[in-house]
Amino acid sequence: MKHLTKSELAMRGPLELAYIGDCVYELYFREREVSASPAKVGAHHTAVVAFVSAPAQARAVAALLPTLSESERAAFNRGRNVSHKSIPHGASDEEYRAATGLECLIGWLWLGGERERALELCAESERIISAQSL
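Residues numbered from 1 in each chain as written. Predicted model: local features only at pLDDT ≥ 70, side-chain atom pairs only at ≥ 80, totals over all residues. Heavy atoms only, no water.

Visitor: Just to check I follow, could you spell out the layout of surface pockets for this structure?
Guide: Empty pockets left among the atoms are what a rolling probe the size of a water molecule brings to light. Here the largest pocket defines a volume of roughly 160 Å³. Gln57, Pro88, Tyr96, Thr100 and Glu103 are, among the 13 residues lining the largest pocket, the residues nearest its centre. Breaking the lining of the largest pocket down by element, the ones donating at least two residues are helix H2 (14-36), helix H4 (54-64) and helix H6 (93-111). Broken down by element, the residue count for the lining of the largest pocket peaks at four residues, all from H6. Classifying every residue of the lining of the largest pocket by side-chain character gives eight nonpolar, four polar and one charged. (1 Å grid on protein atoms, 1.4 Å probe; cavity = no way out; pocket = protein on both sides within 12 Å on 5 of 7 lines; lining within 4 Å. Points joined across faces, edges and corners; volume = space filled by probe spheres on them. Helix = DSSP H or I, 4+ residues; strand = E, 2+ residues; numbered from the N terminus. Nonpolar A, V, L, I, M, F, W, Y, C, P; charged D, E, K, R; others polar.)

As structure tokens, this is what we get:
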């Protein structure tokens with residue numbers, strides 16, 4: 001698959017990037033869950049939601065922000081600054097905006113060919129969320 005150039009990425013809307021980032025982020029956690037042990041799909045879903053919910057993503061990105069490069073932070077801010085017409089139950093506006101920012105960043109990295117970095121941030125998010133759940 002062809003990776004997008006920086007100028008092509010700049011022409012993509014933040015919600016387009018978040019759309020891809022959401023897919024990558026959720027697939028990362030679904031694959032980890034299914035690979036870990038056999039279970040019914042409902043049990044897998046419950047386990048994955050603990051990582052992919054807006055509140056969990058917001059907690060992860062709060063810890064990740066100091067580690068991001070300037071360009072990564074700019075990609076995050078593009079997504080975070082998008083206004084939303086509706087917010088899912090169980091999430092505040094601030095949490096949802098932070099989650100959208102994280103998804104935008106993951107999508108930006110993924111489409112820009114920095115897939116290893118995108119997966120690294122997913123793995124770090126997993127570590128952060130798991131540590132906070134203890």
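Visitor: Sorry if this is basic, but what is going on with helix H5 (residues 70-80) here?
Guide: Every α-helix winds through 3.6 residues per turn, so residues three or four apart in the chain are directed the same way. Restricting attention to buried positions, one finds in H5 the residues Glu72, Ala75, Phe76 and Gly79. All buried residues of H5 fall inside an arc of 100 degrees around its axis, so they share one side. Residues of H5 that are buried make contact with H2, H4, H6 and helix H7 (115-133). (Buried < 20%, exposed > 50% of the residue type's maximum accessible area, 1.4 Å probe, protein only. Arc of directions from axis to C-beta. Contact = heavy atoms within 4.5 Å.)

Visitor: I tried to follow the nonpolar core on my own but got confused; where do I start?
Guide: The nonpolar side chains of a soluble globular protein tend to be buried, and buried together. In terms of nonpolar packing, the biggest core is built from 32 residues, with Tyr25, Phe29, Leu105, Ile106, Trp108 and Leu121 touching the most fellow members. When residues of this core are traced back to their parent elements, those giving at least two are H2, helix H3 (41-52), H4, H5, H6 and H7. Among the elements that take part in this core, H6 stands out by supplying eight residues, more than any other. Among residues more than four places away in sequence, those in contact with leucine 121 are Leu64, Leu68, Leu105, Ile106 and Leu109. (Core = buried A, V, L, I, M, F, W, Y, C linked by side-chain atoms within 4.5 Å.)

Visitor: Can you help me understand the environment of isoleucine 129 in this one?
Guide: The topology assignment puts isoleucine 129 in helix H7. Each C-alpha atom of the pair isoleucine 129 and valine 61 lies 9.9 Å from the other, and the pair is 68 residues apart in sequence. Among residues more than four places away in sequence, those in contact with isoleucine 129 are Tyr25, Ala50, Phe51, Ala56, Arg59 and Ala60.

Visitor: Hey, could you run me through the packing of aromatic side chains in this one?
Guide: The geometry of two aromatic rings is summed up by the distance between their centres and the angle between their planes. Evaluation of the coordinates by the stated rule reveals three aromatic pairs. Members of the aromatic cluster, connected to one another through ring pairs, are Tyr25, Tyr28, Phe29 and Phe51. (Phe/Tyr/Trp six-rings, centres within 6.5 Å; stacked < 30°, edge-to-face > 60°.)

Visitor: Help me out: how do you make sense of the environment of lysine 6 in this one?
Guide: Its location among the elements puts lysine 6 in helix H1 (residues 6-11). Accessibility expressed as a relative area gives 52% for lysine 6, which makes it exposed. For lysine 6 and leucine 111, which are 105 residues apart along the polypeptide, the C-alpha to C-alpha distance reads 9.8 Å. Not counting residues within four places of it along the chain, the set of residues in contact with lysine 6 comprises Trp108 and Glu114. At a separation of 3.3 Å, a polar atom in the side chain of lysine 6 contacts the side chain of glutamate 114. (Polar contact = N/O pair within 3.5 Å; in protein donor to acceptor, adjacent residues only side chain to side chain.)

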